[in-house]
Amino acid sequence: MKKEILYISPNKIKENSASSIHILNMCNAAYDLNYDITLISSSDNKLEEVKTEIKKFYGEFKFKLFSINNFFLNKGNELIITFFLIYLYLFKFINIKNKYIISRNLYTAFFISFFLKKRVIYETHIVEKYFRSYLQSKIILKNNNTTICISDVLKDLLIKRYNINNNNNIYTLHDSANIINLSKDLINNNKNKIFNNLNIPRKYKLIGYFGGLYKGRGMELIVNLSYLKKDCFFLVFGGDIASINYWKNKIQTNNLIFMGNLKYSDVGLNLKSMDILLMPYQKKVYLSTTKTSTAEWMSPLKMFEYMSSNVPFISSKLKVLQEILVHNHNCLLAEPDKIDDWSKAIDRLKRDSNLANLISSNSYHEFKNNHTWQKRLEKIINFYDNTL
């Protein structure tokens, strides 16, 4: 008989959202590991439309889904999902007996833990404030719960903040990515298509950035690099229309091209079509909907997607990223505000193919051995099973 997992989202499932990518991949990993997995979330559309959108954008849909239509509100999703779960529970659409319960939803984790008296795997990517901080502390300090943090820095901050003496039930698990299984012919054909469609001469190196254009993501640095490195073409994948137009109106160069958003299922192919990848996070990094910088404790999906590509990449030298990244071993590191560091790193990778091959190979094998979604879920379940 299959073991069951109930996974509760903190927000809407939607396109181009790192949170949605994380949640859907965790659910698909559970299915791949032979769990019976059910996701509870909210969305802007009816259930069948949500399923269609997930298949279209993410390419896979392997789990049961309960989703409440919440098109009229952009805030308060955690509470709405919690009330939705209570409804599903009271009217017996779901049961929570003999299930692993994984919640990234603060209110749901608190409700299940203290009102239904059930053990919870609570995953957090942030240090909460105000009343939410009180709820977070109660969840973490309840001895039989298991808490998953996205980085060591975040775990240490929470231990210090809530005076956790026995930290056996709080663990670090960084983010993850999928293995990209694509043929060399398919990758070469896509790379040729990029050169041809954009009229890029073959002598140029393709340098890629994948992700949002929110504050702190390093777009200013990429623009300045495009002025310096005229023998490279900089391709920016991602960003909403308003952000793309903002940057298009600021730049005065023809070797920086905004490619727009990709379907998640197409990201891997385009990652592997680049010669070099950039991850220029600044010392303050913001999400689209928050005013709080996450640079101190983040564990970006982008990092593991880059590692999965087997393409050499350059990253900002930030303490939290160095929990995974090692200069000259699995990437090149550069000071986030020193463009000369980035320019020299690009030059090193261009002229030294042995170095490029070494760091991309090390990066890929570390990802494959430690940071797939399946391995992440296996570790979560193991932590839970060993929590007293």
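Residues numbered from 1 in each chain as written. Predicted model: local features only at pLDDT ≥ 70, side-chain atom pairs only at ≥ 80, totals over all residues. Heavy atoms only, no water.

### Things to note about the sheet that holds strand β9 (residues 232–237)
At step 1: Pairing within the open sheet is parallel, and its six strands lie in the order β10-β9-β8-β11-β12-β13. Where the open sheet ends on each side, the last strands, each with one partner, are β10 (256–260) and β13 (332–334). Each strand of the sheet is rotated relative to its neighbour by a mean of 25°, with strand direction disregarded.
At step 2: Both strand β12 (residues 313–316) and β13 contribute to a ladder of three bridges, which runs parallel. The partner of Ser315 across the bridge, within β13, is Leu333. (Pairing = 2+ DSSP bridges. Helix = DSSP H or I, 4+ residues; strand = E, 2+ residues; numbered from the N terminus. Axes fitted to C-alpha atoms, helices over the stretch in contact; angles between N-to-C directions.)

### Quick word on the sheet that holds strand β5 (residues 121–124)
At step 1: The sheet built from seven strands is open, its strands ordered β3-β2-β1-β4-β5-β6-β7 with parallel pairing. Edge positions in the sheet fall to β3 (64–69) and β7 (170–172), since each of these pairs with one other strand and no more. Mean inter-strand twist for the sheet, computed between neighbouring axes without regard to direction, equals 20°.
At step 2: Two strands pair when backbone bridges link them, and strand β4 (residues 99–103) and β5 are joined in this way by two bridges, in the parallel orientation. By the bridge assignment for β5, Ile102 is matched with Ile121.
At step 3: Strands in contact with helix α4 (residues 106–114) are β1 (4–12), β4 and β5; relative to β4, the strand with the most contacts, it is inclined by about 145°. (Contact = heavy atoms within 4.5 Å.)

### Here's the deal with the pairing of strand β6 (residues 146–149)
At step 1: The two faces of β6 match: Thr146 and Ile148 on one face and Thr147 and Cys149 on the other face are all buried.
At step 2: Strand direction decides the pairing type here: β5 and β6, joined by four bridges, are parallel. Its bridge partner being in β6, Ile121 is matched across the sheet by Thr146.
At step 3: With respect to chirality, the unit in which β5 leads through helix α5 (residues 130–141) into the neighbouring parallel β6 is right-handed.
At step 4: When β6 meets β7, the two strands line up parallel, connected through three bridges. Counted as the bridge partner of Ile148 is Tyr171 from β7. (Buried < 20%, exposed > 50% of the residue type's maximum accessible area, 1.4 Å probe, protein only. Right-handed = clockwise from strand over helix to strand, strands pointing away.)

### Structural notes on unusual backbone geometry
At step 1: Even without being a glycine, Lys92 presents a positive backbone phi close to 60°.
At step 2: Tracing the backbone through its elements, the reader meets Lys92 in the loop between α3 (77–90) and β4.
At step 3: If you check the backbone angles, Lys117 has positive phi at about 60° while not being a glycine.

### A short note on α3
At step 1: Taking 1.5 Å of rise per residue, 14 residues should cover 20 Å, and α3 covers 20 Å from first to last C-alpha, within 8% of that figure.
At step 2: Those residues of α3 not exposed but buried are Asn77, Glu78, Ile80, Ile81, Thr82, Phe84, Leu85, Ile86 and Leu88.
At step 3: On its buried face, α3 is in contact with β1, β2 (36–43), β3, α4 and α5.
At step 4: The positive-phi residue at the C-terminal boundary of α3 is Lys92, with phi of around 60°. (Expected span 1.5 Å × (residues − 1).)

### What to know about the packing of aromatic side chains
At step 1: Within the structure shown, the criterion is met by 16 aromatic pairs.
At step 2: Judged by centre distance (5.0 Å) and plane angle (45°), the rings of Tyr87 and Phe91 are tilted.
At step 3: Judged by its relative accessible area of 40%, Tyr87 is partly exposed.
At step 4: A relative accessible area of 56% means that Phe91 is categorised as exposed.
At step 5: Taken together, a centroid distance of 5.6 Å and an interplanar angle of 20° make the contact between Phe111 and Phe115 stacked.
At step 6: For Phe115, a relative accessible area of 56% puts it in the exposed group.
At step 7: Members of the aromatic cluster, connected to one another through ring pairs, are Phe110, Phe111, Phe114 and Phe115.
At step 8: Note that Arg119 overlies the ring of Tyr384, its terminal NZ or CZ placed 3.9 Å from the centroid.
At step 9: We note Lys142 situated over the ring of Phe114; from NZ or CZ to the ring centre the distance is 4.8 Å. (Phe/Tyr/Trp six-rings, centres within 6.5 Å; stacked < 30°, edge-to-face > 60°. Lys NZ or Arg CZ within 6 Å of the ring centre and 35° of its normal.)

### Here's the deal with the side chain of Asn28
At step 1: Within the secondary structure layout, Asn28 lies in helix α1 (residues 18–32).
At step 2: Take Asn28: its relative accessible area is 6%, and that puts it in the buried class.
At step 3: In this structure Asn28 touches Glu60, Phe61, Lys62 and Phe63, once residues within four positions along its chain are discounted.

### Points about a nonpolar patch on the surface
At step 1: On the surface, Tyr87, Leu90, Phe91 and Phe93 cluster together to form a nonpolar patch covering roughly 460 Å² of accessible area.
At step 2: Looking at where Leu90 falls in the secondary structure, it is placed in helix α3. (Patch = residues over 30% accessible without salt bridge, like charges linked within 9 Å, V, L, I, M, F, W, Y side chains within 5 Å. Areas by Shrake-Rupley, 256 points an atom, 1.4 Å probe, with all protein chains shown as cover. Salt bridge = Lys/Arg side-chain N within 4 Å of Asp/Glu carboxyl O.)

### Remarks on the side chain of Asn77
At step 1: Structurally, Asn77 is set in helix α3.
At step 2: Here Asn77 falls in the buried class, since its relative accessible area comes to 8%.
At step 3: At a separation of 2.8 Å, a polar atom in the side chain of Asn77 contacts the side chain of Ser42.
At step 4: Apart from residues lying up to four places away in sequence, Asn77 is in contact with Pro10, Asn11, Lys12, Ser42 and Asn70. (Polar contact = N/O pair within 3.5 Å; in protein donor to acceptor, adjacent residues only side chain to side chain.)

### Some details on the pattern of salt bridges
At step 1: As enumerated under the stated definition, the model contains 13 salt bridges in all.
At step 2: In this structure, Arg376 engages Glu123 in a salt bridge whose closest nitrogen and oxygen atoms are separated by 2.7 Å. Taken as a pair, Arg376 in helix α14 (residues 373–385) and Glu123 in strand β5 lie far apart in primary sequence, 253 residues in all.
At step 3: Classification of Arg376 as buried rests on a relative accessible area of 1%.
At step 4: Among the ionic contacts, a cluster of salt bridges with common partners joins Glu78, Glu128 and Arg132.

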